[in-house]
Amino acid sequence: MYNLIMLKLLQHTLSKSVAISGIGLHTGLKSNIVIKPAKEDQGIVFVRTDIKKNNKIKANYKNVSSAKLCTTLENESGVKVSTVEHLLAALYIYDIDNAVIEIDTEEVPILDGSAKEFIHKILSSGFEVSDQPIKIVKINRKIEFSDGERFIVI
């Protein structure tokens, strides 16, 4: 049990690249992605291969530009990638902290509408565990946010 907990506290990436193709739900365009292993502390980064300049988008809550019908991430240059939820959920399920996701359009393919196919591809790759610990967020004080009648407190 102790070893499993220790493994979860270390950073993970894929052992090898995996490719997935499908149609974007909102754009209707064919989308090809390749999920590649990444270096420690890199995080999850989308790379738009159809754009040559300023084409990297970090998967970070600060880069969410819209959550209407799907989650859209956008970098400081206005380059976007959307419908990222199922892919990011699949990476989260397997504690993948670092990955480069090359994508040739603006939208991640919807596949079967769940994370299932992403999970199968990630499992087929296998995992690499680094010696680098994960970053742990510690909440030191009460934080509140409200928007009209909606609110959250941590």
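Preceding this section is the structure that the text describes.
Procedures and definitions
- Numbers given for residues are sequential positions, taken from 1 along each chain in its written order.
- Under the rules for a predicted model, residues below a pLDDT of 70 receive no local features and side-chain atom pairs below 80 are neither given nor counted, while totals for whole chains, interfaces and linings still include all residues.
- Only hydrogens and water are removed before side-chain values are computed, so all heavy atoms of the structure are retained for them.
- Exposure is judged per residue with a 1.4 Å probe applied to protein chains only, and the accessible area is read against the type maximum: over 50% gives exposed, under 20% gives buried, and values in between give partly exposed.
- Only DSSP runs of H or I covering at least 4 residues are called helices, and only runs of E covering at least 2 are called strands; the numbering of each starts at the N terminus.
- In this analysis, strands are considered paired if DSSP registers two or more bridges between them.
- In the sections that follow, a salt bridge refers to a side-chain nitrogen of Lys or Arg positioned within 4 Å of a carboxyl oxygen of Asp or Glu.
- Every angle, taken between N-to-C directions, lies between 0 and 180 degrees, and every axis is a line fitted to C-alpha atoms, over only the stretch in contact when it is a helix.
- Contacts were defined at the residue level, with two residues in contact if any of their heavy atoms lie within 4.5 Å.

The next subject is the pairing of strand 4 (residues 44–48). Within strand 4, five of the five residues are buried, leaving the element largely enclosed by the surrounding structure. The side-chain alternation of strand 4 yields two buried faces, one formed by Ile44, Phe46 and Arg48 and the other by Val45 and Val47. Note: strand 4 against strand 9 (residues 99–103), five bridges, orientation parallel. Of the residues in strand 9, the one forming a bridge with Ile44 is Ala99. As paired strands, strand 4 and strand 5 (residues 56–58) are joined by three bridges and run antiparallel to one another. Residue pairing for strand 5: Phe46 is matched across the bridge by Ile57.

In this structure the tally under the stated criterion is five salt bridges. In this structure, Asp41 engages Lys135 in a salt bridge whose closest nitrogen and oxygen atoms are separated by 3.1 Å. Of the two residues, Asp41 sits in the loop between strand 3 (30–37) and strand 4 while Lys135 sits in the loop between strand 10 (127–133) and strand 11 (144–147), which places them 94 residues apart along the sequence. The partner of Asp147 in a salt bridge is Arg150, with the nearest N and O atoms 2.6 Å apart. Residue Asp147 is classed as partly exposed on the basis of its relative accessible area of 43%.

The side chains of a regular strand alternate, residue by residue, between the two faces of the sheet. Burial along strand 2 (residues 18–23) is one-sided: Val18, Ile20 and Gly22 are buried, and none of Ala19, Ser21 and Ile23, which face the opposite way, are. Between the end of strand 2 and the start of strand 3, which pair antiparallel, lie six residues, with Gly28 showing a positive phi angle near 75°.

Sheet strands line up and pair through hydrogen bonds in the backbone, either parallel or antiparallel. The strand order 2-3-9-4-5 describes an open sheet built from five strands, whose pairing is mixed. Each edge of the open sheet is held by one strand with a lone partner, namely strand 2 and strand 5. Ignoring which end each strand starts from, the neighbouring axes of this sheet average 20° apart. In the packing of helix 3 (residues 116–125) onto the sheet, contacts are made with strand 2 and strand 3, and the angle to strand 2 comes to roughly 165°.

It is worth spelling out the environment of Ala19 at this point. When you line up the elements, Ala19 lands in strand 2. On the basis of relative accessibility, which here comes to 47%, the residue Ala19 falls in the partly exposed class. Each C-alpha atom, one on Ala19 and one on Asn32, is 7.3 Å from the other, the two residues being 13 residues apart in sequence.

It is worth stressing that arrangement in space is one thing and function is another; only the former is reported here.
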